[in-house]
Amino acid sequence: MKLVTCCSFKGGAGKTTSLMGLCSAWASDGRKVALFEADENRPLTRWKANAVENETWDGSCEVFIADDLTHLEAAYNEATEEGFDYGLADTHGGSSDLNNTIIASSDFLLIPTMLTPLDIDEALATYRYILELLVGEAIDVPTAILQQRIPVGRLTASQKAASDMLGVLPEFESPMHERDAFAAMKNRGLLHKTLQHMEGNPAQRLPMRNYLTAMNEVKIMGSFIDAALGE
Ligand SMILES: Nc1ncnc2c1ncn2[C@@H]1O[C@H](COP(=O)(O)OP(=O)(O)OP(=O)(O)O)[C@@H](O)[C@H]1O
Ligand SMILES: [Mg+2]
């Protein structure tokens, strides 16, 4: 099982939404995805409950509570034994032994960030924190910045400058845009399952295009990580 973790010190950077998107991308390809819930607010548990209710959950995914080291270890072992292809860990903000353990055990780290000066500062601080931790442990984990909630239209001059500055760090080749389909995921469930429900419903034709574009975007993210993992 490959463990992929979303990290950011800043709240609301788009960690959970990125993970939900990646989960949909890999599950739509028939891969088994274990979601490790290390955020005590339990957004993934709520996501699953909403999805089950909407019949948009995918049986190849499972949420494991991992909000302390004991639960994390048990969840990781269980998911490995059950043959999950990917583990996706949703961390809580800030530094903690739990976050450090997850980071050091990951096969790929992604740091989502929006393009405001404050968000960029926090993303850089998170990147530095991760680097120091990995260097201290003498391990190497590929780490990349994901530009998240990027406007679909033209960027402002300051957003463009922020985006150019991030370009000096390892980055996802394409961003995750601000889309209704992504904002709605937490209530509607897995993206590919929601799309299946929309197909064949003429009233959903226009929103469905937004969902198809969103699905394509998360699939590109998934392929980027697969390439980094040598999958
Ligand atoms: N690409 C996107 N397009 C539209 N809305 C988005 C996108 N990404 C995130 N959001 C919205 O932004 C808000 C914050 O996102 P999210 O919960 O993923 O951040 P987070 O980093 O997990 O936050 P927290 O620190 O509270 O765990 C949510 O309401 C989410 O729906
Ligand atoms: Mg979150």
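Residues numbered from 1 in each chain as written. Chains lettered and ligands numbered in written order. Predicted model: local features only at pLDDT ≥ 70, side-chain atom pairs only at ≥ 80, totals over all residues. Heavy atoms only, no water.

## Quick notes on the pairing of strand 4 (residues 86-90)
No. 1: Most of strand 4 is tucked away: five of the five residues are buried.
No. 2: Here strand 4 shows two buried faces, one formed by Tyr86, Leu88 and Asp90 and the other by Gly87 and Ala89.
No. 3: Pairing of strand 1 (residues 2-6) with strand 4 involves five bridges; the strand directions are parallel. Paired with Leu3 across the two strands is Gly87, which belongs to strand 4. (Buried < 20%, exposed > 50% of the residue type's maximum accessible area, 1.4 Å probe, protein only. Helix = DSSP H or I, 4+ residues; strand = E, 2+ residues; numbered from the N terminus. Pairing = 2+ DSSP bridges.)

## Some thoughts on the site of ligand 1
No. 1: The local shell around ligand 1 holds 16 residues, among which Thr16, Thr17, Arg149, His177 and Lys186 are the closest.
No. 2: In this structure, a nitrogen atom belonging to ligand 1 sits 2.9 Å away from a side-chain N or O atom of Gln148.
No. 3: Measuring from a nitrogen atom of ligand 1, one finds a backbone N or O atom of His177 at 2.8 Å.
No. 4: Considered on its own, ligand 1 offers 620 Å² of accessible surface; in the complex 79% of this is hidden by protein.
No. 5: Of all the cavities here, the one that holds ligand 1 is the largest pocket.
No. 6: Sorting the residues of the shell around ligand 1 by element identifies helix 1 (15-28), strand 6 (143-150) and helix 7 (180-188) as the ones contributing at least two each. (Near = heavy atom within 4 Å. Polar contact = N/O pair within 3.5 Å; in protein donor to acceptor, adjacent residues only side chain to side chain. Areas by Shrake-Rupley, 256 points an atom, 1.4 Å probe, with all protein chains shown as cover. 1 Å grid on protein atoms, 1.4 Å probe; cavity = no way out; pocket = protein on both sides within 12 Å on 5 of 7 lines; lining within 4 Å. Sits in = over half its atoms within 2 Å of the grid points.)

## Here's the deal with the side chain of Asp119
No. 1: Along the chain, the position of Asp119 falls in helix 5 (residues 117-137).
No. 2: Exposure remark for Asp119: the relative accessible area of 5% places this residue in the buried category.
No. 3: Setting aside residues no more than four positions away along its own chain, Asp119 makes contact with Lys10, Thr113 and Met114. (Contact = heavy atoms within 4.5 Å.)

## What about the nonpolar core?
No. 1: Counting residues in hydrophobic clusters, the biggest one holds 41 residues, and the most contacted among them are Trp47, Leu88, Phe108, Leu110, Phe172, Leu191 and Ile225.
No. 2: When residues in this core are grouped by element, the largest group, nine residues, is from helix 9 (residues 205-229).
No. 3: Here Trp47 is in contact with Met20, Cys23, Leu35, Trp57, Met185, Lys186, Gly189 and Leu190, once residues within four sequence places are set aside.
No. 4: Judged by nonpolar contacts, the second largest core, of 17 residues, contains Leu133, Leu134, Ile145 and Ile150. (Core = buried A, V, L, I, M, F, W, Y, C linked by side-chain atoms within 4.5 Å.)

## Some points on the packing of aromatic side chains
No. 1: Taken as a whole, this structure holds nine aromatic pairs when the rule is applied.
No. 2: An angle of 85° between the planes, with centres 5.6 Å apart, marks the rings of Trp47 and Trp57 as edge-to-face. A residue pair is termed long-range when its members are at least 10 positions apart, and Trp47 in helix 2 (residues 43-54) and Trp57 in the loop between helix 2 and strand 3 (61-65) qualify at 10 residues.
No. 3: Accessibility expressed as a relative area gives 0% for Trp47, which makes it buried.
No. 4: Owing to a relative accessible area of 14%, Trp57 belongs among the buried residues under this scheme.
No. 5: Seen in terms of ring centroids, Phe172 and Phe224 are 4.6 Å apart; in terms of plane orientation they differ by 35°. Their pairing is tilted. Here Phe224 lies in helix 9 and Phe172 lies in the loop between helix 6 (157-166) and strand 7 (176-177), a separation of 52 residues in the sequence. A single burial state applies to Phe172 and to Phe224, both of which are buried.
No. 6: A connected cluster of aromatic rings, assembled from ring pairs, spans Phe36, Phe64, Tyr76 and Phe84.
No. 7: Residue placement shows Lys32 over the ring face of Phe84; its charged tip is 4.6 Å from the ring centre. (Phe/Tyr/Trp six-rings, centres within 6.5 Å; stacked < 30°, edge-to-face > 60°. Lys NZ or Arg CZ within 6 Å of the ring centre and 35° of its normal.)

## Considerations on the layout of surface pockets
No. 1: Its volume calculated, the largest pocket comes out at about 480 Å³.
No. 2: The wall of the largest pocket is formed by 23 residues, among which Gly14, Thr16, Thr17, Phe182 and Lys186 lie closest to the centre.
No. 3: Contributions of two or more residues to the lining of the largest pocket are made by helix 1, helix 2, strand 6, strand 7 and helix 7.
No. 4: In the lining of the largest pocket, the residues fall into seven nonpolar, nine polar and seven charged. (Points joined across faces, edges and corners; volume = space filled by probe spheres on them. Nonpolar A, V, L, I, M, F, W, Y, C, P; charged D, E, K, R; others polar.)

## With respect to the sheet that holds strand 5 (residues 108-113)
No. 1: Taking strand neighbours across the sheet as the criterion, the seven strands line up as 3-2-4-1-5-6-7 in an open arrangement whose pairing is parallel. What marks the edges here is a single partner per strand, and that holds for strand 3 and strand 7.
No. 2: As paired elements, strand 1 and strand 5 share three bridges and run parallel to each other. If you follow Cys6 over to strand 5, its bridge partner there is Leu110.
No. 3: Across the face of the sheet, helix 9 comes into contact with strand 1, strand 4, strand 5, strand 6 and strand 7 while running at roughly 145° to strand 5. (Axes fitted to C-alpha atoms, helices over the stretch in contact; angles between N-to-C directions.)

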